[in-house]
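# Coordinates in review
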There are 4 protein chains.
Amino acid sequence: MFGRTLFPARALCSGLFKTPLRTLATRPALSIGGIYPPIATPFTDKEEVDYGKLHENLQKYCSFPFSGFVVQGSNGEYAYLTREERLEVVRRVRQAVPKEKLIMAGSGCESTQATIEMTVEMARSGADVVLVVTPSYYRGKMTSSALVHHYTKVADHSPVPVVLYSVPANTGLDLPVDAVVTLSQHPNIIGLKDSGGDITRIGLIIHKTKHLGFQVLSGSAGFLLAGYSVGAVGGVCALANVLGAQVCELEKLCLNGRWQEAKELQHRLIEPNSAVTRKFGIPGLKQAMDWFGFNGGKCRSPLLPLTEQEIKELRHIFTVNGWLSS
Amino acid sequence: MFGRTLFPARALCSGLFKTPLRTLATRPALSIGGIYPPIATPFTDKEEVDYGKLHENLQKYCSFPFSGFVVQGSNGEYAYLTREERLEVVRRVRQAVPKEKLIMAGSGCESTQATIEMTVEMARSGADVVLVVTPSYYRGKMTSSALVHHYTKVADHSPVPVVLYSVPANTGLDLPVDAVVTLSQHPNIIGLKDSGGDITRIGLIIHKTKHLGFQVLSGSAGFLLAGYSVGAVGGVCALANVLGAQVCELEKLCLNGRWQEAKELQHRLIEPNSAVTRKFGIPGLKQAMDWFGFNGGKCRSPLLPLTEQEIKELRHIFTVNGWLSS
Amino acid sequence: MFGRTLFPARALCSGLFKTPLRTLATRPALSIGGIYPPIATPFTDKEEVDYGKLHENLQKYCSFPFSGFVVQGSNGEYAYLTREERLEVVRRVRQAVPKEKLIMAGSGCESTQATIEMTVEMARSGADVVLVVTPSYYRGKMTSSALVHHYTKVADHSPVPVVLYSVPANTGLDLPVDAVVTLSQHPNIIGLKDSGGDITRIGLIIHKTKHLGFQVLSGSAGFLLAGYSVGAVGGVCALANVLGAQVCELEKLCLNGRWQEAKELQHRLIEPNSAVTRKFGIPGLKQAMDWFGFNGGKCRSPLLPLTEQEIKELRHIFTVNGWLSS
Amino acid sequence: MFGRTLFPARALCSGLFKTPLRTLATRPALSIGGIYPPIATPFTDKEEVDYGKLHENLQKYCSFPFSGFVVQGSNGEYAYLTREERLEVVRRVRQAVPKEKLIMAGSGCESTQATIEMTVEMARSGADVVLVVTPSYYRGKMTSSALVHHYTKVADHSPVPVVLYSVPANTGLDLPVDAVVTLSQHPNIIGLKDSGGDITRIGLIIHKTKHLGFQVLSGSAGFLLAGYSVGAVGGVCALANVLGAQVCELEKLCLNGRWQEAKELQHRLIEPNSAVTRKFGIPGLKQAMDWFGFNGGKCRSPLLPLTEQEIKELRHIFTVNGWLSS
């Protein structure tokens, strides 16, 4: 599961796209199955990236059976990093973790051109795969057609495989199913991270793309079990920054068909997961990281730290689910 | 699974509510596990209820291993029936089907008083359980607190067990998790039909109520497998009006832990299910029923029949998923 | 403004509809300009309609220059009244107020047939005009086409003129502009009450229908001035139940082109208006009515009374805007 | 109206903020009344900024009585420009237009720090005022409190006055009224561009901030008249890129109290305005600019050009409203 195996079916469809895919036509697709924490970016008191603390986190994370790391997903506060910081963080992560850990780096920008440039730079900086969020500022015009054009151009120019990224809570936009199905035929687009959590949609996408070896990752620990039940190959889970062993344990139970135990564990992860995502956001995630021995700390402004009351509530959620003593 | 067993845990919590529950305190809760079609209401050309055609449908449905029937869920066009029609349909269904088939009748109205009256009448007309949709017209004021009051009063006065019903696509309102958790402690509220499809929410509700024997039903065939994976006990599935055997087969695969086969079958049901619900609504459901040998026919106005183009598209969806030949 | 004048342009378009309009073809349209309170329904302690208190309110309201009364708009808790109560309230209002006061009665139901029947009964009970809310339970299928069919049938059968009613806060549905434009050509559909508050949309509807004498009423005091500025002929304003003289004064200022004074008055009405609608709903409206000498009282369940804290906040809003002393 | 006059009231409130406002305490606020086109950015065939065509547009625009120009509002495709391009466009506009034309430059970024840096650079590049859009990627945590902190820091460090910018269609976020009211007390925050179009909200904001000389601009020509009616001081109108004279004429009619004529003109501008904003977006705006003698052209990818059918529909809208012959 954690190695990088071939999906021969994908090699067959490279003729579907007109743009010559010089570097990719003969390249077998990568397996992206498994669990990935979308790592947080620690900052110093002056809101500068704290590479030392980042390194410490990665050292600890390497003891868990993660498939790799998502660098600059939404939880990495990528929207608050400069272009140079985004690349430097990827470089540092690449240096800090073993080669067999896959680096999936967020390279999405609003314009197609900027996304292509960032994608190429991310690959140069050590990314094995790029994770490309939907552009969304002009969401009223981000039709299926516009998004298919965008991703096709990006994938045509990317030196590494592309994973689509749909995160409606942040973008206000769900990458339409028909666009995903069309894009799944591109030989350099190997999967989707779906953070919307609509399990019916996720099942449908898998149904319509699995013959091409297209791989879907659940974008949250809240529906990780349900995702596996309908055919997802893994998950990118903010909660894995905090409860990495437990999220990997849930994966293992699902892969081994131990659904009853999986259900019990999944149940206890839902509330903590919602707490570090929807409810308290990245400030909540970083607070919980601190409690579990990782470097969380402050967020960049305008994200505010939690209030005392929020910290209490967050702690209570971890406590009643049995992950912290009160 | 299909019988009616005891949930002894539920007997313990009757002290939580102040209102004396004369008829219920010693009454064991009903199992509502299994598959239920929310039956459609056939009409004559003059838009009158066609009880003959309804009877024919029920005769055919009785050959499937359904646990029972939901009468006047949203798919029954209950919003378009008069009070007397709503009751008469329940009476006819009760007469037409064997006693071991559970009748779950929709009794929700906007006001608490009207809901109580309809609930009592439904029980008199043969309902084993009432399914009570959230009142929603003044949704801005339908807070957790208001909904807890409403359902508590209804359950206090209901001669039969109550199942909560959350269907945000129709009501614009999701019954809040905290309200469900509070209401799950009422001895006469035995479960929830959740049609929203947010599997994270469904898992959380099950997690927080299972110690009380509270039972959750998936409100759609689109996430039936995922529902079972997180602990739902069955489903109320519009698609069961059309593909009853297949939906029951999916249930069986899930209950027997044959998840791989379940996944394959689930995948093929998603699009047909979406087609007869979200995409084409009740007119789509009734059209598909006609194709599969049931009496569908026209809807009451203002629901329009499908256009030629829509019928084509609907047929295509059933065809590409292997349920109809083209 | 308050009389009933002719809109000769409307007589010309009766040929557009195929259904014979026996009773209406030669009937000149009614002017519905002016201010209408959508009256609240007082209840006794046992939640029964309190006709005595209703009568008292109407006596007081008759001292204001209202054009008439909306009976069973959303603020009348019509969704919580039985069919018979709805009709009886209209009868009582008709008896209580002078003939020159126009009675606009809400007759919308979910099905077309039920709406027609209620419309006919409302007319018999004394309604001069019916106000027909969009059916909305199956809102996914309430397309322009379905709504045009619905309203056309209702208008064909209505003995009195029909006013369309779009109130997305309650129905989750905005009657589409193109449907309004089509329906404005029906000789028995004379206007629209628009409670959505999108002033661009309101301006556009007026622009596209004014050649037919179609009349638009603002559905709230919050945008009454803006409504007049783009061509609305009046307003149905919950706040007029509380501050009737002031809302009529605002109308007068607008009609007389005293926009500067109108602006000052409008500004002071926005927050109180929001407080008795969006923010605190009908319980807020009734509380404020009590303060200003009208019979408000309790709502029917499941609407809850305001909490102490909410009452304080409501009072504060009326105080800072200069309508109550603290 | 078009000059830059003093708002002495604003000088009084500089004591409210702890951060010393060295450069601003004694600086009188600027009047931002009047009409501003949010200028489009022309591109070459290779999607590079076409400064020559931009210059030509500006030359033509200078014949209209605009108060100034918004550079890099949403219609300027600022989200698709690099940092350097954003600054260079501002420099070029500053050089091309007379000094009395006010340059309002969009300087919003996601992080507070990046916004401050861009703000300072914009001022250096010639901006008289900065227009700061709400950060929105982590919108779930962009509470009133977070936004007040963000804008306060930006305004503390900005060498030029700040205008708040709320554009929910693009950001999925409406700057809350209470945040606007708090921020209106900052001596360096002089106004708000509100593109949401909720006229009740706009009236309320004006009511609660006018004693401080806070200035509100309507963010669209669709509700320009209504905006003036409730006290807005001008508008930033995409349509002014196409029908500049007409939008300025509408302003003049409003300022001179000729409301009847204003209404007639406003009516004819609503549909063309919606067409070049909501309906067809920037590609529609640029297409219409081409028809009216300005340089529109293509957008940057992923924005797609209009289809033939869309172009027809756009032309029809301008034609039926009397702005183009068919």
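Since the structure is predicted, the reported quantities are computational estimates derived from the model, not experimental observations. (Residues numbered from 1 in each chain as written. Chains lettered and ligands numbered in written order. Predicted model: local features only at pLDDT ≥ 70, side-chain atom pairs only at ≥ 80, totals over all residues. Heavy atoms only, no water.)

The next thing to look at is the UniProt feature "active site" in chain A. All names here are of chain A. The positions UniProt marks with the feature "active site" are Lys193. Within the secondary structure, Lys193 sits in strand S7 (residues 189-194). On the accessibility criterion, Lys193 (2% relative accessible area) is buried. Not counting residues within four places of it along the chain, the set of residues in contact with Lys193 comprises Leu131, Val163, Leu164, Tyr165, Ser166, Leu217, Gly219 and Val236. Within the structure, the side chain of Lys193 is placed 3.2 Å from the side chain of Tyr165, a separation counted as a polar contact. (UniProt positions renumbered as here; feature names shortened; annotations may be inferred. Helix = DSSP H or I, 4+ residues; strand = E, 2+ residues; numbered from the N terminus. Buried < 20%, exposed > 50% of the residue type's maximum accessible area, 1.4 Å probe, protein only. Contact = heavy atoms within 4.5 Å. Polar contact = N/O pair within 3.5 Å; in protein donor to acceptor, adjacent residues only side chain to side chain.)

It is worth spelling out the side chain of Glu77 of chain D at this point. Position of Glu77 of chain D relative to the elements: it lies in the loop between strand S3 (68-71) and helix H3 (83-96). Using a relative accessible area of 0% as the deciding quantity, one classes Glu77 of chain D as buried. Look past the residues within four positions of Glu77 of chain D in its chain and what remains in contact with it is Tyr138 of chain A together with Thr41, Phe43, Ile282, Lys286, Cys299, Arg300 and Leu303 of chain D.

Turning our attention to the packing of helix H12 (residues 281-291) of chain B against helix H13 (residues 308-320) of chain B. All names here are of chain B. With their axes 11 Å apart at the nearest point, H12 and H13 run at an angle of 60° to one another. It follows from the interaxial angle that H12 and H13 lie oblique. Taken as a pair, H12 and H13 cross one another with a handedness that is right-handed. Contacts from Gly284, Gln287, Ala288 and Trp291 in H12 reach Ile311, Leu314, Arg315 and Phe318 in H13. (Axes fitted to C-alpha atoms, helices over the stretch in contact; angles between N-to-C directions. Parallel < 35°, antiparallel > 145°, perpendicular 65-115°, else oblique. Left-handed = near helix turned anticlockwise from the far one by under 90°.)

The operation relating chain A to chain B is a screw motion whose rotation component is 180°, with 0.0 Å of axial translation and a residual RMSD of 0.0 Å. Here the copies are linked by what is in effect a two-fold axis. Among all residues of chain A, the minimum C-alpha distance to the rotation axis is found for Ala226 of chain A, at 2.5 Å. Taken together, the interface assignments show that 96% of the residues at the interface of chain A recur at the interface of chain B, consistent with an identical surface on both copies. (Least-squares fit on C-alpha atoms with pLDDT ≥ 70 in both.)

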